[in-house]
Amino acid sequence: MKIAIPKERRTFEKRVAAVPETVKKYRALGYDVAVEAGAGSEASYPDELYAAAGAAIAPDAGLAQRDADIVLRVQRPMNAGEGLNEIGFLKPGAVLIGMLNPYAARADLDLYARNNINAMSMELMPRITRAQAMDVLSSQSNLAGYKAVLDAAEQFGRAFPMMMTAAGTIPPARVLVMGAGVAGLQAIATARRLGAVVSATDVRAIAKEQVQSLGATFVMVENEESKQAETSGGYAKEMSEDYKQRQAALIAETIKKQDVVICTALIPGRAAPRLVSEEMLRSMKPGSVIVDLAVEQGGNCALSEPGKVVDAFGVKIVGYRNMPSRIAVDASALYARNLLNFMTLISAKDGGRLNIDGNDEIVRAVTLTRDGAIVHPQFQQSTAA
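The shown structure was predicted, so the numbers you read here are calculated from the model rather than taken from an experiment.

Attention now moves to the pairing of strand β5 (residues 95-99). Counting buried positions along β5 yields five of five residues, so the element is predominantly enclosed. Bridge analysis of strand β4 (residues 70-75) against β5 gives four bridges, and the strand direction is parallel. Bridging across to β5, Val71 finds its partner in Leu96. Both β5 and strand β6 (residues 118-121) contribute to a ladder of four bridges, which runs parallel. Among the inter-strand pairings, Gly98 is bridged to a residue of β6, identified as Ser121. Remark: the β5/helix α4 (residues 107-114)/β6 crossover connection has right-handed handedness.

What follows is the structure, given as structure tokens:
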């Protein structure tokens, strides 16, 4: 069977779905691998390394995916209305695996079904122990949290650590991390390593111990609702309006004292919760910096704009798109290993072919379409509506 690795064509995307290390392992599993020329160039993986790992280098996207049984991608393929019709390159019966963004691109599910493409979306990976090595959201969020702090430090007009000099003492920067998921915890750890005084907030009471274990102070309205603020999948729930108001009042007092705020709060399938209001922005010190990792889902911060650094009331609001892609070498390597681990799960033990168990809870959770139909219950309902 043939695996195809096309070049990603969406704006701001520099990652690639396979690296030479994983190509070599696919070959060891018995698969043929075709890589589109230049697919890894923006992530510093030249064609020569793929060829040395055993891949065939195809000159364009069409040839790379011709007769491919499996297509591995970072982002969803483009459809005819977006320019190049990448979905049209896939043969009927092909398996498409990537971060297909089904919440925002539900219409594509109809295209996958109509073209008899078996689509699997890696963002839907369940948060269970057996799936940890396949969890693309965790691997990419970890790097996003790290890079967010570095971007904040770049925009901040002062040093992060306390410095004692003959000319006087420089106080440490005060950093608030909003959301203590994977990205938030890495942001805390990175800011601490840079010498900042760090505090963090999250609606989930379970996050308190994790935050404190990293040396940060936990800021949260603690009540009965906060004890039940996590879904069975490990994500934050939407909170009540009363809780939101009480938490906002606490954050409003906290944020006045901060130099840097890293916003990481996301709820799958919904617009990002608004955590930093315009009034809060006005209360912050001139020269403060906010990095909004949720900007592409509506933003945690008022006035943040995708792809821009906005200056509002003397506060810089950083809204870079696709933060993991800004550290594309490592982001590609981790994502490629996530895919390899998933491919190993759905491959036959005798090698070179797929053996997909539709009853496996991991497979069931990520499968969007199969045999010409939308099979994921959540998107069956939403598409029918």
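Structure shown, so let's carry the discussion forward.
Let us look at the sheet that holds β6. One open sheet holds the six strands; their spatial order is β3-β2-β1-β4-β5-β6, and the pairing between them is parallel. Since the sheet does not close on itself, it has two edges, and those belong to β3 (56-58) and β6, each with one partner. Recorded for the sheet is a direction-independent mean angle of 25° between the axes of neighbouring strands. Sheet strands in contact with helix α1 (residues 20-28) are β1 (2-5), β2 (32-36) and β4, and its direction is about 150° off that of β2.

About the criteria used
Residues numbered from 1 in each chain as written. Predicted model: local features only at pLDDT ≥ 70, side-chain atom pairs only at ≥ 80, totals over all residues. Heavy atoms only, no water. Buried < 20%, exposed > 50% of the residue type's maximum accessible area, 1.4 Å probe, protein only. Helix = DSSP H or I, 4+ residues; strand = E, 2+ residues; numbered from the N terminus. Pairing = 2+ DSSP bridges. Right-handed = clockwise from strand over helix to strand, strands pointing away. Axes fitted to C-alpha atoms, helices over the stretch in contact; angles between N-to-C directions. Contact = heavy atoms within 4.5 Å.

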